[in-house]
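Secondary and tertiary structure notes
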Amino acid sequence: MTRAIYPGSFDPLTFGHVDIIERSARLFDNVVVAILTNPQKAPLFTVEERIEIMNEILKPRFRNVEVDVFHGLLVDYAKQKRAQVIVRGIRAVTDYEYEFQMALMNRRLTPDIETVFMMPAENYSYLSSRLVKEIAELGGSVTGLVPETVERRLKQRFKKET
Ligand code: PNS
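Just so it is clear, the structure is predicted and the values come from calculations on it, not from any experiment.

Reading the values: rules and limits
Residues numbered from 1 in each chain as written. Predicted model: local features only at pLDDT ≥ 70, side-chain atom pairs only at ≥ 80, totals over all residues. Heavy atoms only, no water. Near = heavy atom within 4 Å. Polar contact = N/O pair within 3.5 Å; in protein donor to acceptor, adjacent residues only side chain to side chain. Areas by Shrake-Rupley, 256 points an atom, 1.4 Å probe, with all protein chains shown as cover. 1 Å grid on protein atoms, 1.4 Å probe; cavity = no way out; pocket = protein on both sides within 12 Å on 5 of 7 lines; lining within 4 Å. Sits in = over half its atoms within 2 Å of the grid points. Helix = DSSP H or I, 4+ residues; strand = E, 2+ residues; numbered from the N terminus. Nonpolar A, V, L, I, M, F, W, Y, C, P; charged D, E, K, R; others polar. Expected span 1.5 Å × (residues − 1). Buried < 20%, exposed > 50% of the residue type's maximum accessible area, 1.4 Å probe, protein only. Arc of directions from axis to C-beta.

Observations concerning the site of the ligand
- In the neighbourhood of the ligand, 14 residues make up the surrounding shell, with Gly8, Ser9, Gly72, Leu74 and Arg88 lying closest.
- One of the side-chain N or O atoms of serine 9 is found 2.6 Å from an oxygen atom in the ligand.
- Within the backbone of leucine 74, a nitrogen or oxygen atom sits 2.8 Å from an oxygen atom of the ligand.
- Protein coverage of the free-state accessible area of the ligand, which is 550 Å², stands at 75%.
- In a pocket analysis with a 2 Å cut-off to the grid points, the ligand is assigned to the largest pocket.
- With 4 residues, the top contributor of residues to the shell around the ligand is helix H4 (residues 93-109).
- In the shell around the ligand, the residues fall into 8 nonpolar, 4 polar and 2 charged.

Concerning helix H2 (residues 47-58)
- Counted at 1.5 Å a residue, the expected span for H2 with its 12 residues is 16 Å, and the 16 Å between its end C-alpha atoms agrees.
- If you check which residues of H2 are buried, you get Val47, Glu49, Arg50, Ile53, Met54, Ile57 and Leu58. Across the axial projection of H2, the buried residues extend over an arc of 160 degrees, all falling on one side.

See below:
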């Protein structure tokens, strides 16, 4: 059985993430979507909200995908979960340098865990959680970029603050 970890901040989940999860779920027996809890970062959505969003979107769609939370080193978490693979999505060349660095550092720390890069569908290749948050905050439309529940929550979030 091959288990893959798909780690990230997922603040919030976008259709780009869902695309990578779908591809991973086809390729691996089991996929753990792992949300990083980072005390240094102030997220827009709490970990609990992000788990709720993920469960709402992913549970009905994928039988071999689970959602979890981790902190500390990714490779330690992957070992603890007995995963053989780390999945990362690559959108453009600009992602490559950082991802390459992380993958090689993770390999140095734990040589038997392999990082696999996947490309999302072309129409999500310019999509990022950061831009989604910025657009939503400034009143732009994020329809078609994030699941409806995320769109609704973003609207609520930014309505409260104005
Ligand atoms: O969605 P993101 O923010 O690009 O995800 C980055 C993530 C969570 C994959 C990365 O920050 C990470 O793995 N953090 C855990 C700490 C760690 O293992 N650091 C060493 C990386 S070489």
